[in-house]
Amino acid sequence: MTYRSLDSTDKEIRLVIIKAGVAPEPIKCYLKHVSLNDSHSYAALSYVWGDLNNRVPVTLDGHAFEVTHNLGVALRYLRDPQCDRVFWIDAICIDQDNIDERSDQVRIMKEIYHFADHVVSWLGESDEHSEAAIVFLAAAHDNKFSREWLYHLWSSEVDFIRNSLAHLVCCLREDSRDYWKRLWITQEIAVAQDGYILVGDTKVTYQTLQKLGKVFSEDMWESEAMKDTFIRLSCTGVDHLWIKWLQQDLQKNETVTQIVQGTPFLTLLADNWWKSASNPRDKVFGLLGLSDMCQSAHPGLKIDYRRSIRDVYIGAATAIIDSTSSLEILRFCILKKEDSTDKSKLPSWVPDWGKDGEQIHSMGMRVKANKAASDRHVAVKFYPDKNAINTVGFRVGKIKCCPIRVPAVARGDNANRYQKEIESVLRVVNRLRTTLRSTFDNISGLDLELLRTVYCGQAQENHLRMFFKFIDAASKNPASLGEFSVERAIFNTAIFQISAHCSDAALFLIETEIKQSLVKYATVPHVGVGVSSIQQGDEICIFLGSRHPMVIRKHEDYHKVVGYSYIDTLANGEAISDLENGVYEISFFTLL
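Residues numbered from 1 in each chain as written. Predicted model: local features only at pLDDT ≥ 70, side-chain atom pairs only at ≥ 80, totals over all residues. Heavy atoms only, no water.

Peer 1: Mind showing me how you'd approach the overall build of the protein chain here?
Peer 2: Across its full length, the protein chain carries 20 helices and 18 strands. Within the span of the protein chain, comprising 592 residues, buried residues form 54% of the whole. A separation threshold of at least 6 residues defines the contact pool for the protein chain, and within that pool the share at least 24 residues apart is 72%. (Helix = DSSP H or I, 4+ residues; strand = E, 2+ residues; numbered from the N terminus. Buried < 20%, exposed > 50% of the residue type's maximum accessible area, 1.4 Å probe, protein only. Contact = heavy atoms within 4.5 Å.)

Peer 1: So what exactly am I meant to see when it comes to the side chain of Asp-90 here?
Peer 2: Its place among the elements puts Asp-90 in helix H2 (residues 90-93). Of the buried charged residues, Asp-90 lacks a salt bridge, with Arg-182 as the closest side chain of opposite charge at 4.0 Å. Within polar-contact distance, the side chain of Asp-90 engages the side chain of Trp-49 at 3.2 Å. Setting aside anything within four residues of it in sequence, one finds Asp-90 in contact with Tyr-47, Trp-49, Gln-96 and Arg-182. (Lys, Arg positive; Asp, Glu negative; His and termini not counted. Salt bridge = Lys/Arg side-chain N within 4 Å of Asp/Glu carboxyl O. Polar contact = N/O pair within 3.5 Å; in protein donor to acceptor, adjacent residues only side chain to side chain.)

Peer 1: Would you take a moment to explain helix H14 (residues 309-324) for this structure?
Peer 2: For the α-helix, the turn length of 3.6 residues means that residues three or four positions removed from each other point alike. Compared with the 22 Å implied by 1.5 Å per residue over 16 residues, the 23 Å span of H14 between its first and last C-alpha is a close match. Inspection of H14 places Val-312, Tyr-313, Ile-314, Gly-315, Ala-316, Ala-317, Thr-318, Ala-319, Ile-320 and Ile-321 among the buried residues, and these make up the whole buried set. Following H14 by one or two positions, Ser-325 has its phi on the positive side, about 55°. (Expected span 1.5 Å × (residues − 1).)

Peer 1: I tried to follow the pairing of strand E17 (residues 558-567) on my own but got confused; where do I start?
Peer 2: Each regular strand shows side chains that alternate between the opposite faces of the sheet. The buried fraction of E17 amounts to ten of the ten residues, a majority that puts the element mostly inside the structure. The pairing of strand E14 (residues 527-531) with E17 spans three bridges and is classified as antiparallel. Along E17, the bridge assignment pairs Gly-528 with Ile-567. Two elements, strand E16 (residues 550-555) and E17, share six bridges in a ladder whose sense is antiparallel. From the neighbouring strand, Val-551 faces E17, where its bridge partner is Gly-563. Counted between consecutive antiparallel strands, the loop separating E16 from E17 contains two residues, among which Glu-556 sits at a positive phi close to 50°. (Pairing = 2+ DSSP bridges.)

Peer 1: Would you mind showing me how to read the packing of aromatic side chains here?
Peer 2: By convention here, two paired aromatic rings are described through the distance between centres and the angle between planes. What the rule picks out here adds up to eleven aromatic pairs. Seen from their ring centres, Tyr-77 and Trp-122 are 5.4 Å apart, and the 35° between their planes marks the pair as tilted. Remark: Trp-122 occurs in strand E7 (residues 118-124) and Tyr-77 occurs in helix H1 (residues 69-78); sequence separation between them is 45 residues. For Tyr-77, a relative accessible area of 33% gives the class partly exposed. Judged by its relative accessible area of 2%, Trp-122 falls in the buried class. Between Phe-543 and Phe-589, the ring centres sit 5.4 Å apart and the planes meet at 90°, which makes this aromatic pair edge-to-face. Taken together, the residues Phe-543 in strand E15 (residues 539-543) and Phe-589 in strand E18 (residues 587-591) connect sequence positions 46 residues apart. Across the pair, Phe-589 and Phe-543 agree in class, each one buried. (Phe/Tyr/Trp six-rings, centres within 6.5 Å; stacked < 30°, edge-to-face > 60°.)

Peer 1: Would you take a moment to explain the environment of Asp-282 for this structure?
Peer 2: Considering the arrangement of structural elements, one finds Asp-282 in helix H13 (residues 282-288). With sequence-adjacent residues up to four places away left out, Asp-282 is seen in contact with Leu-183, Trp-184, Ala-277, Leu-287 and Tyr-305. Of the polar contacts made by the side chain of Asp-282, one reaches the side chain of Trp-184; its length is 3.3 Å.

Peer 1: What exactly am I supposed to notice about the confidence of the model for the protein chain here?
Peer 2: Parts of the prediction with low pLDDT should not have their coordinates interpreted in detail. For the protein chain, per-residue confidence averages 81 on the pLDDT scale, and 73% of positions sit at 70 or higher. Note that pLDDT drops below 50 for residues 361-366; the model gives that stretch 26 contacts with residues more than four away or on any other chain. (pLDDT = per-residue confidence, 0-100.)

Peer 1: What exactly am I supposed to notice about the nonpolar core here?
Peer 2: Nonpolar side chains in soluble globular proteins tend to end up buried together. Ranked by size, the top nonpolar core spans 160 residues in total, and within it Trp-88, Ile-92 and Phe-265 carry the most contacts. Per-element tally for this core: the top contributor is H14, with eight residues. (Core = buried A, V, L, I, M, F, W, Y, C linked by side-chain atoms within 4.5 Å.)

Peer 1: It is not clear to me how the environment of His-40 should be interpreted in this structure. Could you clarify?
Peer 2: With respect to the secondary-structure elements, His-40 resides in the loop between strand E2 (28-35) and strand E3 (43-46). For the pair His-40 and Phe-115, spaced 75 residues apart in sequence, the C-alpha separation works out to 8.2 Å. A polar side-chain atom of His-40 sits 3.4 Å from the main-chain carbonyl oxygen of Ser-35.

Peer 1: Can you walk me through the sheet that holds strand E6 (residues 85-88) in this structure?
Peer 2: Spatial strand order, E5-E4-E2-E1-E6-E3-E7-E8-E9: nine strands in an open sheet with mixed pairing. The sheet is open, and its two edges are formed by strand E5 (63-68) and strand E9 (202-205), each paired on a single side. Neighbour to neighbour, the strand axes of the sheet diverge by 40° on average, direction disregarded. Here E3 runs beside E6; their pairing, made up of two bridges, is parallel. (Axes fitted to C-alpha atoms, helices over the stretch in contact; angles between N-to-C directions.)

Peer 1: What exactly am I supposed to notice about helix H3 (residues 99-107) here?
Peer 2: Among all positions of H3, only Glu-101, Arg-102, Ser-103, Gln-105 and Val-106 are buried. If you check the start of H3, you find a side-chain oxygen 3.2 Å away from the backbone N of Asp-100, and it comes from Asn-98.

Peer 1: Just checking my understanding: could you explain the pairing of strand E4 (residues 55-60) for this structure?
Peer 2: Bridging between E2 and E4 involves two bridges; their strand directions are parallel. Along E4, the bridge assignment pairs Cys-29 with Leu-60. Where E4 and E5 come together, six bridges link them in antiparallel fashion. By the bridge assignment for E5, Val-56 is matched with Val-67. Taken together, E4 and the strand that follows it, E5, pair antiparallel across an intervening segment of two residues, in which Asp-61 is found at a positive phi of about 50°.

Peer 1: Help me out: how do you make sense of unusual backbone geometry in this one?
Peer 2: Leave glycine aside and you will find that most residues have negative phi; peptide bonds, for their part, are mostly trans. Look at the link from Ala-23 to Pro-24: it is a cis peptide, with omega at 5°. Note on placement: Pro-24 falls in the loop between strand E1 (12-18) and E2. A positive phi is found at Lys-11, a non-glycine position, where the angle reads about 50°. Mapping Lys-11 onto the fold places it in the segment before E1. The exposure class of Lys-11 is partly exposed, given its relative accessible area of 28%. We note that Glu-556 has phi near 50°; this positive angle belongs to a residue other than glycine. Here Glu-556 lies in the loop between E16 and E17.

What follows is the structure in structure tokens.
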């Protein structure tokens, strides 16, 4: 089939009319051209393409046309038996073989979804999880999502709510429904004026999920009786984790917590790193329209699918550094295995948004805002021919010993596996605790510093003190690790949270680099957590314009960024104060 050209100067788009019909009649559609400058009634489909090699035929403008199987199923459910329906569907309305047209349409994608009467989020056909979740949502809606109703369930219908929560988590989690992994849904839902989720032929409005999110993130915890009842029902901590997971899934679910337009571009890129896009360029292009840089004329942000992936990522990094006068973007860089023959390799100061985001997402995104370099801005000099930047900072020290990797605790309800993983995290924390005590003598507060580090600065003081009290008691009586108590359930959850902050990261000690005359600083211990690629001998550096200490690696006359780190004793500008007192020295760094 041959598409008729669109007039990009008039913001012209195509709409697809799905002809009325019933199964097993074939799907018949036709296109019409309209301008976004005029008012039109249509719905916009938000969905996952699915396997590109698994296609089904439909009829488009009287010609045979193939769509992916998932879209073909969606069209059957979207079709009305009596009335034609009008939609905007990217796979049909954009000539996918025309690179220039794709670039033009992506530039106005935000407007396409915003001007739609409503957005339909197609999750796929129904299954046991969605059906059970719908029953729960219907009951919640009938009871007006009240706290009293929820308390009644936890008090008298525990099995029902346990099963319902499990099924609901399965519907909303990215590893159960591919839809939630898709990057483009972030913008499609955020700009929607109205919308609903469609699972098979069942609809759930965005508004319903927003109310559910409020219940589990706010209302549920306002009642002390609710919290007490919930914790005491939990014998292994697994129920407690189901609630935590549901809270997390609801919090990051686009239909519940819609992204505010004008969000900093770097925040959008980092928050959505874990999502997938069939074209790696879309990891940048798909979020630009929601960001504070959507109107920027910076050449690095030009939406053009003829640009290489490398050029798109370098351009985005350059634009962010230029516009923010900071190096906060370094927080999302991870040094990968070096290959000097790979000409497409990104510079170490440019995040690879296309992959390897899980570690930063699990560790860095849950860290409280630091002020390692206070609020200082910095001028960065770019060397485009070398893909290098020159900036200013100072060395704090070097990695003293081989970093210790923190194992992950997997989601799930396998109690035995969960218990073993909990104990493996516990052993790692104890190992570093022993090393810390043997390295630094007569230093008070080492335990608290270690725990603040593994919690990435987000634990309450009373929880920290309870943590090692429980560990010391367990070391005297190992059998107590398997005994149930409310304290044990809370402790298990605390260990899980440590793994959530530091999963697959590395704990390390730092040998401070200070002037010999300032002996009093030599005994100050620094414990850190960073990406797993950190090695002994790597340098800890604080760049002016970066809120976080960075790990860098020396290469001849330049450095490479290894990754971000969290060091609690440097989190609030302590190193800047020491710099001003002459403890450290300013240096220039070339990052390549």
